[in-house]
Amino acid sequence: MRLRVGYSGFAGKPSSTNHQKREYFFASSLALGFSESMSSVKSVVELSEVDKSFPRGEGSVSVLKGISFSINEGESVAVVGPSGSGKSTLLNIVGTLDQPSSGTVMIDGVNVSSMDELALADFRNQRLGFIFQSHHLLPQCTVLENVLVPTLASRDPRIRGSAIERAPGLLKRVGLDHRMDHRPGQLSGGECQRVAVVRALINNPKLLLADEPTGALDRQSAEALSELLLELNREDGVTLIVVTHSLDLAGKMKRTLELQDGALPNDRNA
Ligand SMILES: Nc1ncnc2c1ncn2[C@@H]1O[C@H](COP(=O)(O)OP(=O)(O)OP(=O)(O)O)[C@@H](O)[C@H]1O
Ligand SMILES: [Mg+2]
C-alpha cells in the first residue's frame, strides 16, 4: 500500500501553479516517507567478513572465506552450492550453533558473539527455528510431545503454557492435528518432516533455518513441504533461509546465495 502511494505520487513533475506546487510537496513527502520506510526495513541477519576454519591434522582447513551479506525481515533466501562448499557450516553459524573463527554475526540486531552460552541458548530458543534434513524426532515421544520439546528449556512457564495452547492449531495447519497422539514410527517421512516444521515454529521464531528440508522426501511430499515453508514466509512474515540442492525449491525463494568453495562471489544482493 505504502509502496503504491509513494511511487505514483512521485511521478508528477513540479509546476508553477500553487495547486500543483502543493501536490508536488505532498507527493515528495510521501516519496520521502516511502524511502524512509525502505531504509527502516529491519535486517534480521548481518554477517560481516565471516571466516571459519576447522582443525585438520597438524593445521586447519578454511571452510568459509570473507562471507558478508545481510538478510531483511520477511525475505526468503536459498543457500546453494556444491557438496562441501560450506552451506551447513554457514547455516550453523547463522543459527548460533557454531561460532565463526573471525568476523561478526548480528542476528535480529544482536551481536551474538558477545553472548555467553546460557544467554545464547535462550536467544536461539526464542527467535530461531531449525529444520534439518532428517527430522530428528524423538521416537519414544508422541507428535504433540515432540513439537513441545523446544519449550522444555524455557525457564518461563508462560512460554510453555502458550506453546501448549498453540500446538494443536499449528498441527492442524500442517494437516496433522488428528495424529497428535501418534509416535514418529507411525508416520510417513513427509509427515515427520511436517511435525519438525511445527516443532521449529512452536516458539514463534522470527527466523526459520532449514538445512535440506526436502532432501529425504519423495517429490510430492517435497513439494508440499516447500509450499508450507513459503506460506509461512508469505503469510506470517517469517524470514526463511533454506539450504538446498533442489533447484526447484531454490527457485521458489526470492533470493539465492551461491557458495563456491566457501565464498560468495556472485551475491548481487549481499
Ligand atoms: N566439525 C568439522 N570439523 C572439520 N571439518 C568440518 C566440520 N564441519 C564441516 N567440515 C568441513 O567443512 C566443509 C564444508 O562442510 P559443510 O557441511 O558445510 O558442506 P555443505 O556445503 O553443507 O555440504 P553438503 O551439501 O554435502 O551438505 C567440508 O569439507 C567438511 O568436511
Ligand atoms: Mg550440508
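K.L.:
Would you mind going over the site of ligand 1 with me for this structure?
P.N.:
In the vicinity of ligand 1, the contacting residues are F54, V63, G81, S83, G84, S85, G86, K87, S88 and T89. The biggest single contributor to the shell around ligand 1 is helix α3 (residues 87–94), with 3 residues. Here the shell around ligand 1 is composed, by residue class, of 2 nonpolar, 7 polar and 1 charged.

K.L.:
I tried to follow the pairing of strand β6 (residues 128–131) on my own but got confused; where do I start?
P.N.:
Residues L128 and F130 point to one face of β6 and G129 and I131 to the other, with burial holding for every one of them. Looking at chain direction, β6 and strand β7 (residues 207–211) are connected through 4 bridges and run parallel. Looking across to β7, one finds that I131 is bridged to A210.

K.L.:
Looking at this model, I keep getting lost on the sheet that holds strand β1 (residues 43–56). Mind explaining?
P.N.:
Adjacent strands of a sheet pair through backbone hydrogen bonds, lying either parallel or antiparallel. Strand order in the open sheet formed by 4 strands is β2-β1-β4-β5, with antiparallel pairing between adjacent strands. Each edge of the open sheet carries a strand with a single partner, namely β2 (59–72) and β5 (110–111). Taken together, the 2 bridges between strand β4 (residues 102–107) and β5 define a ladder with antiparallel strand orientation. Residue I107 lies in a different strand from β5, and its bridge partner there is V110.

K.L.:
Even after reading the chapter, I still don't get the nonpolar core, so can you show me in this structure?
P.N.:
In a soluble, globular protein the nonpolar side chains are often hidden away together inside. If you look at the biggest cluster of nonpolar residues, it comprises 59 residues, and the most contacted ones within it are V79, V198, L209, I241 and V242. Take this core: its biggest share by element is 7 residues, from helix α7 (residues 189–201). If we skip the residues at most four places from it in the chain, V79 touches K87, L90, L91, I241, V243, L257 and L259.

K.L.:
I'm lost on the sheet that holds strand β8 (residues 239–243) in this one. Help?
P.N.:
Pairing is parallel across the open sheet formed by 5 strands, whose spatial order is β6-β7-β8-β3-β9. Every interior strand has two partners, whereas the edge strands, β6 and β9 (255–258), have only one. Strand-to-strand twist of the sheet, defined as the mean angle between neighbouring strand axes without regard to direction, takes the value 20°. Set on the sheet, α3 makes contact with β3 (76–80), β7 and β8; between it and β8 the angle comes to about 150°.

K.L.:
In this structure, what is going on with unusual backbone geometry? I would like to understand it.
P.N.:
Excluding glycine, residues mostly carry a negative phi; peptide bonds, for their part, are mostly trans. Positive phi, close to 50°, is recorded for E49, a residue that is not glycine. With respect to the helices and strands, E49 occurs in strand β1.

K.L.:
Explanation requested: the pairing of β8 in the structure shown.
P.N.:
The two faces of the sheet receive side chains in turn, since in a regular strand these alternate between them. Burial analysis of β8 places 5 of its 5 residues in the buried class, the great majority of the element. Of the two faces of β8, both are covered, the one formed by T239, I241 and V243 as well as the one formed by L240 and V242. Note that β7 and β8 share 5 bridges and pair parallel. Bridged to A210 within β8 is V242. A crossover links β7 with its parallel partner β8, the connecting element being helix α8 (residues 219–236), and its sense is right-handed.

K.L.:
Explain the packing of α7 against α8 to me, please; I cannot follow it from the model alone.
P.N.:
Between two packed helices, what matters for the description is the angle formed by their axes and the separation of those axes. Contact geometry of α7 with α8 gives a least axis separation of 9 Å together with a crossing angle of 15°. The orientation of α7 with respect to α8, classified from their angle, is roughly parallel. With respect to the hand of their crossing, α7 and α8 are arranged in right-handed fashion. Where α7 abuts α8, its residues G189, G190, Q193, R194 and V197 lie against S221, A224, L225 and L228.

What counts, and where the lines are drawn
- Residues numbered from 1 in each chain as written.
- Chains lettered and ligands numbered in written order.
- Predicted model: local features only at pLDDT ≥ 70, side-chain atom pairs only at ≥ 80, totals over all residues.
- Near = placed C-beta within 6 Å.
- Helix = DSSP H or I, 4+ residues; strand = E, 2+ residues; numbered from the N terminus.
- Nonpolar A, V, L, I, M, F, W, Y, C, P; charged D, E, K, R; others polar.
- Buried ≥ 20, exposed ≤ 12 C-beta atoms within 10 Å, placed from the backbone.
- Pairing = 2+ DSSP bridges.
- Core = buried A, V, L, I, M, F, W, Y, C linked by C-beta atoms within 7 Å.
- Contact = placed C-beta atoms within 7 Å.
- Axes fitted to C-alpha atoms, helices over the stretch in contact; angles between N-to-C directions.
- Right-handed = clockwise from strand over helix to strand, strands pointing away.
- Parallel < 35°, antiparallel > 145°, perpendicular 65-115°, else oblique.
- Left-handed = near helix turned anticlockwise from the far one by under 90°.

Read these as spatial facts, not as claims about activity.
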